[in-house]
Structure formats: C-alpha cells, structure tokens
Amino acid sequence: MIIFPKRQLTSWYASDEGRRRIDKGLGLARDSNLAVIGIARDCATGLKCLRPQIEQIRSHFRRSFVSIYENDSLDSTKRDLLAWQAASPEIHLQLDQHAKSRKVPSFSEERIARMAACRNRGLELMERSAAASGIKPDYVLMVDWDLRSLPAEGVFAALADANAWDVLTANGLAYRGRGYRRILRGYRYYDTYALLDHDGAQTQEAIFKNWERYSGLRPGQPPLKVKSAFGGAALYRAERLGDHRYGVLPNADPVVETLSEHTYLHRAMAKPGELRLCIHPTLLTFYERPWDVTLGQTLRRWHQSFTKQSVI
C-alpha cells in the first residue's frame, strides 16, 4: 500500500497550532497588498495546478496583482496565461520569444546569466504593474510556475512570521531517488543549488549532500536562518526587496561555475546591513505529484526525445 507523505505534511495545517498561525497570517493579509511574480516557460501543467491556489491566496489580501514574464514556451503556457488574464483582474503579462538553445549546463555562467536576466524582467514588469494598477505591494510572493502545489495554508502560516524576517523561503520538496519507487521513500529538500548556509565556494558535492541534510524540515518547526535559499517560492517584504536585482556571482569551483541568481540577489539585499532570511518549514511547495514520477515521467522523456529538446 502506498501512503503519500504529502497528506502527513499538510495535516499540520488543521492542528490547533496550525489554525492559530494561519488565522494570524490571514489577519495580516487583510490589511496588506500582495504582488505575485515569477518567470514561466513550458509551465502549462504547473499553471493548471497553481492558478486556483494563487487565486485563493489573492482573495485574502486587501489588493493584489500577478506579474509573469514568459519566454520561449513550446507547450500551451502562452495560451494558458492569456486565458488567465482574460478571466481574472490584475494579471499582467510579458510574453517573449527568443528561440535560444536550451542545451546549457545547469551550473554554467551562461545559464545563470539567462535566468538572472529573465527574473529581472519579471521584477521590472512588477514595477510597471504596480504603477499601472495603483497597487503598492507590502509583500512580494515570488513563484516558480513549474511547481505542482503551493498550499495557501502554508503561505498564511508563514506570513504570521513576516514581521520577524525579511525573506521567507519555501520548504520545497521532491521525491527521493529515481524511478517510480521513490514515491514510497518520501520527500527530500530539492532546491539546494539556491541554498547557501556558509561563506566560501559552493561545490556540487555539497549541493547533493544538502538534499538529505535539509530533508527533515516539517511544518510547525521554527524557521531556519540561512544565507540564501528559494525552494520554488519565497515571500519578501517589499520594502526590503526595494529595487534590488538578480545577477551572476563567480564561484571558485570547476563544475559549479557561478552561484545561484538567488544568492546574488540576497547578497545584494544584505548590503549594508544584515538580511533576515530563512527557510520556513511550514511554507511548503511540491515539485512533483505521483503521476509526474511514474507514467508521466516516461511520457515526458519520450516527448523530449521525439522533439530533440532538453529543458534547462
């Protein structure tokens, strides 16, 4: 019998402590404005999953808008974003087509420079959206639109701690190991490239080891202070984010050429003072569903082989 651990993780939201913290976050949201932003490419499946969750989150804020920068999608992402824009107020889009090669090494300077440029276009779109809508955000929720789930309860439970932190990053989870059996092994913390808990160079070995080192984070545990992280979503105090931008930081490692663009942003935000940044165990994001690692994974590999495209 397969027991999906997501149910065990999210059950904390229904506990007395979970409800108390969610209610506190909801109270803060009612008096605040929210900007939801991010970049998207080939995210049709993620958008289908996230759109109702984002609208649920937005409904509890005083005012809100969504800004999404999209480029080079081959699936239905562009069409789905335009449909969302037509159906919901204050959805701001920039859709581009650059047709650049997708075959770029994960830790290469070229890839991170591209990611930083796209994320900066997302920030610039957010600023234009705020001006056009007249909505000045108090909080900025950055989202990667290829996620499979961003429970609203986790966002509001984390928001309850927003006054103590400048940046609350997600506890981003994916299944362990390879093959369909990994759904039996539970989740591990996934986005360890964006995670930095020390000064100095970042190695590929450390990136892989951190998958397990941080896999024990569970809702209800206290926030964990780190130097940088993301996890597929992050909640920023807009005043602290300011006009900072993403960029490229060289890294003293032959394989990991540069640090994550998130690390660049967070180091920039930390100057001249300390940046209060944490991984919030209760702010859950899920990168996969059981379908994604069983038949769905097989179909995606077949499609990529057929179209001769690889995803960054």
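Further up the page is the structure itself.
Residues numbered from 1 in each chain as written. Predicted model: local features only at pLDDT ≥ 70, side-chain atom pairs only at ≥ 80, totals over all residues. Heavy atoms only, no water.

Participant: Can you tell me about the packing of aromatic side chains, naming the residues and giving the values?
Facilitator: Counting across every chain of the model gives 9 aromatic pairs. Arranged with centres 5.8 Å apart and planes meeting at 75°, the rings of Trp84 and Trp145 form a pair that is edge-to-face. Here Trp84 is found in helix H4 (residues 77-87), whereas its partner Trp145 is found in the loop between strand S4 (139-143) and helix H6 (152-159), with 61 residues between them in sequence. Across the pair, exposure class does not vary: Trp84 and Trp145 are buried alike. (Phe/Tyr/Trp six-rings, centres within 6.5 Å; stacked < 30°, edge-to-face > 60°. Helix = DSSP H or I, 4+ residues; strand = E, 2+ residues; numbered from the N terminus. Buried < 20%, exposed > 50% of the residue type's maximum accessible area, 1.4 Å probe, protein only.)

Participant: Give me the pattern of salt bridges: which residues, what numbers.
Facilitator: What the rule picks out here adds up to 17 salt bridges. Across the salt bridge formed by Glu274 and Lys225, the nearest N and O atoms sit 3.1 Å from each other. Residue Glu274 is found in the loop between helix H9 (261-269) and strand S11 (277-286), and its partner Lys225 is found in strand S7 (residues 224-225); the two are separated by 49 residues along the sequence. Within this structure, Asp166, Arg237, Arg240 and Arg276 form a network of salt bridges that share partners. (Salt bridge = Lys/Arg side-chain N within 4 Å of Asp/Glu carboxyl O.)

Participant: Before we move on, could you go through H4 and cite the residues and values that matter?
Facilitator: Among all positions in H4, only Thr77, Leu81 and Trp84 are buried. Down the axis of H4, the smallest arc covering the buried residues is 60°, so these residues share one side. Relative to its buried face, H4 has exposed residues pointing more than 90 degrees away, namely Arg79, Ala86 and Ala87. Contact partners of the buried residues in H4: strand S1 (33-40), helix H3 (44-58), strand S2 (63-71) and strand S3 (91-96). (Arc of directions from axis to C-beta. Contact = heavy atoms within 4.5 Å.)

Participant: Kindly report on the side chain of His280, identifying the contributing residues and their values.
Facilitator: Position of His280 relative to the elements: it lies in strand S11. Note on His280: relative accessible area 2%, which makes it buried.

Participant: Could you give an account of the pairing of strand S8 (residues 233-237), with specific residues and numbers?
Facilitator: The element S8 is largely enclosed, with a buried count of 5 among its 5 residues. Pairing between S4 and S8: 5 bridges, direction antiparallel. In the strand pairing of S8, Leu141 is matched with Leu235. Looking at chain direction, strand S5 (residues 167-175) and S8 are connected through 3 bridges and run antiparallel. Of the residues in S8, the one forming a bridge with Thr169 is Ala234. (Pairing = 2+ DSSP bridges.)

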